[in-house]
Amino acid sequence: MKNIAIITGASSGIGRSFLRLIAKERGVYNSLPFDEIWAVARRADRLLEVTSSIGDDRIIPVTADLTSPDDMDEIALRLQDEDIRIGLLINCAGMGFKGLAEDISVNDIEAELQLNCVALGKLSRICLPYMIDKQPCFSLSEGPRMINIASSAGFLPQPGFAGYAASKAYVISFSRALGVELAPYNIAVTTVCPGPVKTEFQSKATHGASSEFTGFRKLVAVDPDKLAEAAIKASRKGRRMLVYGFSQKALHVASKVLPTSVILAIESKLMPKADASQRNDKITGITPLPISSEEESV
Ligand SMILES: NC(=O)c1ccc[n+]([C@@H]2O[C@H](COP(=O)([O-])OP(=O)(O)OC[C@H]3O[C@@H](n4cnc5c(N)ncnc54)[C@H](OP(=O)(O)O)[C@@H]3O)[C@@H](O)[C@H]2O)c1
């Protein structure tokens, strides 16, 4: 039986850091803990570049769009066809679009929710039968592991990043509950909540308008390798939650003690003030949806 690790979002950023570190990871008596490491992402060229730079034959690039039901089925079938045990699942693939909801396209809203919520939930469920061991090991730190990458954005509603923050609140809630459900099988589920991380995320979140964080976020932005290292350590210890960095820990505490209405009032003060007349012009230009019912009425 093959013992495998699956890492989604492995073609860049935090997922790539995980891939590098997991390829180096050693098990008991310094053995290699995984026979194969499946590196999942859409961009085949980037996956190939990353895997060949690591140079470990155990890495299997899996080109898949996790929002596509067909690609997800293909992963499920591939698992079924082989004699496999999943020792580690890292759900890292994720995306977010910054801006007011009225400025974000319907497709982008759908893609964000499909990837961050639906795909993460589906893949976790698909992998579970291969993680639950018939002969459970002795402790959480020795059993199979799942690491789910959420975000500190999930602690609070975030005007200007509303859909993303809500999707990460799902990841936090889902993963923490799953951790409790799977504890009797000694499967450790670690929910990771970083703040800003220096990856391609910011550029994608702004459709290329800015590739770097600004202001306070720039000050507290962290290195993806360091974050991945801390997440692996936390997971090995069987920790349920890792809030990474002092600033994010402070935000976490604030989200617990302050009423949401107070936090929203502070956030609305911090939001850049849009020119009211420009916003009115823009709103009158927004196409009502759904398009299909509009066509019917013509
Ligand atoms: N960077 C931050 O500031 C930050 C902060 C908190 C949390 N996070 C979270 O950390 C995780 C990793 O993000 P990152 O910062 O490393 O960003 P990134 O560099 O943009 O990496 C995102 C990864 O997700 C993959 N991906 C995107 N859409 C996909 C799809 N439909 N199917 C399969 N794979 C897909 C991308 O690969 P392909 O494009 O090749 O598919 C890429 O490998 C995300 O869940 C993100 O929400 C990031």
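Fair warning: this is a prediction, and the values are worked out from it, not measured in the lab.

## Some thoughts on helix α2 (residues 44-54)
Among the residues of α2, those classed as buried are Arg46, Leu47, Val50 and Thr51. What you see down the axis of α2 is that its buried residues fit within an arc of 125 degrees, all on one side. Along α2, exposed side chains directed more than 90 degrees from the buried face belong to Asp45, Leu48, Glu49, Ser52 and Ser53. If you follow the buried residues of α2, they end up packed against α1 (13-24), β2 (36-41) and β3 (59-63). Two residues or fewer past α2, glycine 55 is found with a positive phi of approximately 65 degrees.

## A short note on the pairing of β3
Sheet topology places β2 next to β3; five bridges connect them, and they run parallel. Its bridge partner being in β3, alanine 39 is matched across the sheet by proline 61. Regarding topology, α2 serves as the crossover connection from β2 to the parallel β3, and that connection is right-handed.

## Thoughts on the sheet that holds β3
Read from one edge of the open sheet, seven strands run β3-β2-β1-β4-β5-β6-β7, paired in parallel fashion. Lying at the two open borders of the sheet, with one neighbouring strand each, are β3 and β7 (241-243). On average, each strand axis in the sheet is tilted by 20 degrees relative to the strand beside it, whichever way the strands run. For strand β6 (residues 188-193) and β7, the ladder comprises three bridges, and the chain directions are parallel. Within the sheet, the bridge partner assigned to threonine 191 lies in β7 and is methionine 241. Most of the contacts of α1 go to strand β1 (residues 2-8), to which it runs at about 155 degrees, and overall it touches β1, β2, β3, β4 (84-91) and β5 (145-149).

## Notes on the packing of α1 against α2
Any two packed helices are characterised by the angle at which their axes cross and by the distance between the axes. α2 packs onto α1 with a crossing angle of 30 degrees between their chain directions and a minimal axis gap of 10 Å. In terms of axis orientation, α1 runs roughly parallel to α2. α1 and α2 meet at a crossing whose hand is right-handed. Counted together, Arg16, Leu19, Arg20 and Ala23 of α1 and Arg46, Val50, Thr51 and Ile54 of α2 form the full contact between these two elements.

## Thoughts on a nonpolar patch on the surface
Residues Val253, Val257, Leu258, Val262, Ile266 and Leu270 make up a contiguous nonpolar surface patch of roughly 550 Å² in combined accessible area. Those elements that provide at least two residues to the nonpolar patch are α9 (246-257) and α10 (260-270). The leading source of residues in the nonpolar patch is α10, at three residues. Secondary-structure assignment places leucine 270 in helix α10.

The rules behind the values
Residues numbered from 1 in each chain as written. Predicted model: local features only at pLDDT ≥ 70, side-chain atom pairs only at ≥ 80, totals over all residues. Heavy atoms only, no water. Buried < 20%, exposed > 50% of the residue type's maximum accessible area, 1.4 Å probe, protein only. Helix = DSSP H or I, 4+ residues; strand = E, 2+ residues; numbered from the N terminus. Arc of directions from axis to C-beta. Contact = heavy atoms within 4.5 Å. Pairing = 2+ DSSP bridges. Right-handed = clockwise from strand over helix to strand, strands pointing away. Axes fitted to C-alpha atoms, helices over the stretch in contact; angles between N-to-C directions. Parallel < 35°, antiparallel > 145°, perpendicular 65-115°, else oblique. Left-handed = near helix turned anticlockwise from the far one by under 90°. Patch = residues over 30% accessible without salt bridge, like charges linked within 9 Å, V, L, I, M, F, W, Y side chains within 5 Å. Areas by Shrake-Rupley, 256 points an atom, 1.4 Å probe, with all protein chains shown as cover. Salt bridge = Lys/Arg side-chain N within 4 Å of Asp/Glu carboxyl O.

Nothing here speaks to function; it is geometry throughout.
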